[in-house]
Amino acid sequence: MPFKDDDSEFLALMGLGEKSSKKSHYPELRKRLFELERLGDVLDHAGDAIFLISLPDGTVEFSNKAALGLTGLERTAGKRKLWEYLKAPDGSAVTLTSLFNSPSPGERREIVSLRTGRGTRRYEASFQSVARGSQMLGTLILRDQEERILTEERLAETLKTVEEERVRTVRLTASLVEMKDTYTGQNQRGVACLARDIGLRLGLPDGEIDVLATASLLHDVGMMGIPTEILFIPGPLRPMDRKLMQEHPKIGWNLLAREGFSEPILEGALRHHERMDGTGYPDGLSGEDIPFIARVIGLADVVEAMMTHRPYRTAHSRESTIRELAEGRGTLYDPTVTDVCLSLLEEGFSFPRENDNR
Ligand SMILES: [Fe+2]
């Protein structure tokens, strides 16, 4: 074996300590070197690039075949620095510091881009440092994640497209209802905008805000089932026509349920005309029996109707709308939702115009 009896550093690295400086320990050394060779063979078959690095200078003590393959280097007797193996996408040298900002003790993990023989690819770089006697060593493992990341990016892009199509479909449905509903001339987007702002002010989570916005856009879809001649009556409705008109929440619920929309969206359609004191329709529910989402949409619906000009009456002013809401607080409308809505109106909330993308 090519080592000197007094080479204590080498012996320490082999884990044999000073007592192994006797030739009687040659067999043990041979065994350990054989184990190391076998370990090297195993590591050469690993798909990940593996570097064993002296710290802090960054000298590579060992690199497996995958590591050499990164930049096409050959295995030579001389040692190289890490930056000789790794290149950034712009061709600059890569060091542990540039990979991890500060390769402090403990495990670090980052996704990094490297220039390789196969072009620029993204790797999950994990680094672990350990003390070996007086020496600090680090293990750097680079796992090629390019295909996985590309697949995830494509999936995210597909989901985004599907979500955009869903939003367009809901908006289109709302526009169709608006085109037909000449009686109320309702602006579904206006209702959705106010309901969304109320939800945000109440601190609802993002997912619930999205559901609230969708439910608001679809809350009057049942108007599609109301005879056109009733919708064209410009003034107050006769009792019989009013009764028919009041069927629209149930018609909407049926339409949405048939398409498998979620419960909150169904509740928004069915319950948005219920009132806290039980004077609403279709079932005269009161108080907490009215789903919260319907209390928000119901109030946003009322405010939008009041503040928008209709062919048969002018729009209420902001002040008179605030007055009417305050009067109905707790009797007709949910008190908490009313308070939030009143704050928004007092702060200058306005409904979106035709080309406003709110
Ligand atoms: Fe309605």
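Structural notes, computed from the coordinates. In this numbering scheme, every chain counts its residues from 1 along its sequence in written order. This being a predicted model, a pLDDT of at least 70 is required before a residue's local features are given, and a value of 80 or more before pairs of side-chain atoms are given or counted; all residues contribute to the totals for chains, interfaces and linings.

1. Notes on the overall build of the protein chain
Regarding its fold elements, the protein chain presents 15 helices and six strands. Counting other C-beta atoms within 10 Å of a residue's C-beta gives its exposure: the residue is buried at 20 or more, exposed at 12 or fewer, and partly exposed in between, where C-beta atoms are placed from the backbone. Scored against the burial criterion, the 358 residues of the protein chain give a buried share of 26%. Contact between two residues is assigned whenever their backbone-derived C-beta positions fall within 7 Å. Long-range contacts, defined here as pairs at least 24 residues apart, represent 53% of the contacts in the protein chain between residues at least 6 apart. Helix numbering and strand numbering both begin at the N terminus, where a helix is a DSSP run of H or I of at least 4 residues and a strand a DSSP run of E of at least 2.

2. Thoughts on the sheet that holds strand S1 (residues 49–55)
In short, DSSP must find at least two bridges between two strands for them to pair. Across the sheet, which stays open at both edges, the six strands sit in the order S3-S2-S1-S6-S5-S4 with antiparallel pairing between neighbours. With partners counted over all chains shown, the strands left at the sheet margins are strand S3 (80–81) and strand S4 (108–116), one partner each. As paired strands, S1 and strand S2 (residues 59–63) are joined by four bridges and run antiparallel to one another. By the bridge assignment for S2, Leu52 is matched with Phe62.

3. Here we look at the environment of Gly91
Relative to the assigned elements, Gly91 resides in the loop between helix H4 (82–85) and helix H5 (96–100). Residue classification places Gly91 among the exposed residues on the basis of 7 C-beta atoms within 10 Å. Taking C-alpha positions, Gly91 is 8.8 Å from Leu114, a pair spaced 23 residues apart along the chain.

4. Re unusual backbone geometry
Residue Pro56 is reached from Leu55 by a cis peptide bond, and omega for that bond is 10°. The omega torsion across Tyr281 and Pro282 is 10°, close enough to zero to call that bond cis. Tracing the chain through its elements places Pro282 in the loop between helix H12 (263–271) and helix H13 (292–307).

5. Here we look at the nonpolar core
If you look at the biggest cluster of nonpolar residues, it comprises 38 residues, and the most contacted ones within it are Ala195, Leu218, Val296 and Ala300. Sorting the residues of this core by element identifies helix H6 (146–180), helix H7 (188–201), helix H8 (206–218), helix H11 (248–258), H12, H13 and helix H15 (335–346) as the ones contributing at least two each. Per-element accounting of this core gives the leading share, eight residues, to H13. Once residues within four sequence positions are removed from consideration, Ala195 is found in contact with Leu212, Ala213, Ser216, Val296, Ile297 and Ala300. Take the buried Ala, Val, Leu, Ile, Met, Phe, Trp, Tyr and Cys residues, join any whose C-beta atoms are within 7 Å, and the set you get is a nonpolar core. The next biggest cluster of nonpolar side chains, apart from the first, holds 17 residues, and it includes Leu70, Tyr85, Tyr123 and Leu140.

6. Focus: the packing of H13 against helix H14 (residues 318–328)
Between H13 and H14, whose axes approach to 10 Å, the crossing angle comes to 150°. Handedness of the crossing formed by H13 with H14: right-handed. Residues Val303, Met306 and Met307 of H13 form the contact with H14, whose participating residues are Thr321, Glu324 and Leu325. A fitted line through C-alpha atoms serves as each axis, taken over the contacting stretch for helices, and the angle formed by two N-to-C directions is quoted from 0 to 180°. If you view the pair so one helix is near and one far, a crossing is left-handed when the near helix is turned anticlockwise from the far one by less than a right angle, and right-handed when it is turned clockwise.

7. Details of the pairing of S2
A regular strand places its side chains so that they alternate between the two faces of the sheet. Remark: three residues form the turn of the hairpin made by S1 and S2, two consecutive strands paired antiparallel; Gly58 in that turn has positive phi of roughly 80°. Bridge analysis of S2 against S3 gives two bridges, and the strand direction is antiparallel. Note that in S3 the partner of Thr59 across the bridge is Lys81.

8. Points about the pairing of S1
Across seven bridges, S1 lies against strand S6 (residues 135–144) in antiparallel orientation. What sits directly across from Ala49, in S6, is Leu142.

9. Some remarks on the packing of H12 against H13
Remark: H12 packs on H13, axes separated minimally by 8 Å, with the N-to-C direction vectors making an angle of 50°. With respect to H13, the axis of H12 lies oblique. Read as a crossing pair, H12 and H13 show a hand that is right-handed. Contacts between H12 and H13 involve Pro264, Glu267, Gly268 and Arg271 on the former and, on the latter, Ile293, Ala294 and Ile297. Split by residue class, the contact of H12 with H13 holds four nonpolar, one polar and two charged. Any angle between 65 and 115 degrees counts as roughly perpendicular, while under 35 counts as roughly parallel, over 145 as roughly antiparallel, and the rest as oblique. Polarity classes work like this: nonpolar for Ala, Val, Leu, Ile, Met, Phe, Trp, Tyr, Cys and Pro, charged for Asp, Glu, Lys and Arg, and polar for all others, with Gly in that last group.

10. Side note on the environment of Asn187
Tracing the sequence through the fold places Asn187 in the loop between H6 and H7. According to the C-beta neighbour criterion, Asn187 is partly exposed, with 19 such atoms within 10 Å. Considering only alpha carbons, one finds Asn187 and Thr308, 121 residues apart in sequence, at a separation of 8.6 Å. With sequence-adjacent residues up to four places away left out, Asn187 is seen in contact with Glu178, Glu304, Thr308 and Phe351.

11. Overview of H8
The end-to-end C-alpha distance of H8 is 19 Å, a good match for the 18 Å that 13 residues give at a rise of 1.5 Å each. Of all the residues in H8, the buried ones are Val211, Leu212, Thr214, Ala215, Ser216, Leu217 and Leu218. Given the number of residues in a helix, its expected span is that number minus one, multiplied by 1.5 Å.

On their own, these measurements won't tell you what the molecule is for.
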